Amino acid sequence: QEVSQPFTVKSDPRLKIDLEVLKANRDKTKEAMKLSRLMTQVSQQIQQTQKAIQTVQDFSRSQRNPKMMELMKTAREIDSKLKEFSETLNPTPPKQGIADRSAGLSSQVNSAVSGISGAGIEPVSQAAQVRYEKVKPKVSAFLAKFNDFFQKDVENFKKMLQDAGFSLFGPFTPLKLE
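Undergrad: For helix 2 (residues 66–89), give the residues involved together with the corresponding values.
TA: An ideal rise of 1.5 Å per residue puts 34 Å on 24 residues; helix 2 measures up with 35 Å between its terminal C-alpha atoms. For helix 2, every residue scored as buried is listed here: Met 68, Leu 71, Met 72, Thr 74, Ala 75, Ile 78, Asp 79, Leu 82, Phe 85 and Leu 89. Elements in contact with the buried residues of helix 2: helix 1 (19–60), helix 3 (105–117) and helix 4 (126–163).

Structure representation (structure tokens):
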């Protein structure tokens, strides 16, 4: 048996909750989450491009002609730059000791976002707001370099691949039983 009826949700009278604070926190959290999602997209884009570069490098090793040698050189340069971006986001910790990843941009963004989103029913703390305001220009500067690299270098590499006639599939010749 199933029953349905409307009901009213009321806040706990023991708690003094300001609805305007909740709305402000929600709006700030939405804004901060955009930054977090953006960093996730950047990380995914780097990983996808690294996989594509690795595929090109693996395939190109079997073909030793001048165009492919130039492609290999450019692929190494792009891969090196992608590693730099990846290290900026999440630096590789030293081999020994406690791994401190707080210098990484991803860690700074996550810290700022968790400070804002974790405010709950209280207003966002000044420290959390300052962390967020400090990391936002860093992300903006990183994105400017990141977008410039992908728009110029990666797109030029794609054109080089097309010009070189690069394909993962070789020409097909029909097989015959003789």
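The structure having been displayed, the exposition proceeds.
Undergrad: Give me the lowdown on the pattern of salt bridges, citing residues and values where you can.
TA: Going through the model one piece at a time under the given rule, you end up with 7 salt bridges. Among the ionic pairs, Asp 27 bridges to Arg 26, the shortest N-O distance being 3.3 Å. With its nearest N and O atoms 3.7 Å apart, the salt bridge here joins Lys 81 to Glu 84. Taken together, the residues Lys 81 and Glu 84, both in helix 2 and 3 residues apart, mark about one turn of the helix.

Undergrad: Report on the packing of helix 1 against helix 4, specifying residues and quantitative values.
TA: Running from N to C, helix 1 and helix 4 cross one another at 30°; their axes reach a closest spacing of 11 Å. Of the possible angle classes, the one that applies to helix 1 and helix 4 is roughly parallel. In this structure, helix 1 crosses over helix 4, and the sense of that crossing is left-handed. For the pair helix 1 and helix 4, the contacting residues are Lys 28, Glu 31, Ala 32, Leu 35, Leu 38, Met 39, Val 42, Gln 45, Ile 46, Thr 49, Ile 53 and Val 56 in the first and Gln 129, Tyr 132, Val 135, Lys 136, Val 139, Phe 142, Leu 143, Phe 146, Phe 150, Phe 157 and Leu 161 in the second. Looking at the contact of helix 1 with helix 4 residue by residue, the class counts come to 17 nonpolar, 3 polar and 3 charged.

Conventions and cut-offs
- Residues numbered from 1 in each chain as written.
- Predicted model: local features only at pLDDT ≥ 70, side-chain atom pairs only at ≥ 80, totals over all residues.
- Heavy atoms only, no water.
- Helix = DSSP H or I, 4+ residues; strand = E, 2+ residues; numbered from the N terminus.
- Expected span 1.5 Å × (residues − 1).
- Buried < 20%, exposed > 50% of the residue type's maximum accessible area, 1.4 Å probe, protein only.
- Contact = heavy atoms within 4.5 Å.
- Salt bridge = Lys/Arg side-chain N within 4 Å of Asp/Glu carboxyl O.
- Axes fitted to C-alpha atoms, helices over the stretch in contact; angles between N-to-C directions.
- Parallel < 35°, antiparallel > 145°, perpendicular 65-115°, else oblique.
- Left-handed = near helix turned anticlockwise from the far one by under 90°.
- Nonpolar A, V, L, I, M, F, W, Y, C, P; charged D, E, K, R; others polar.

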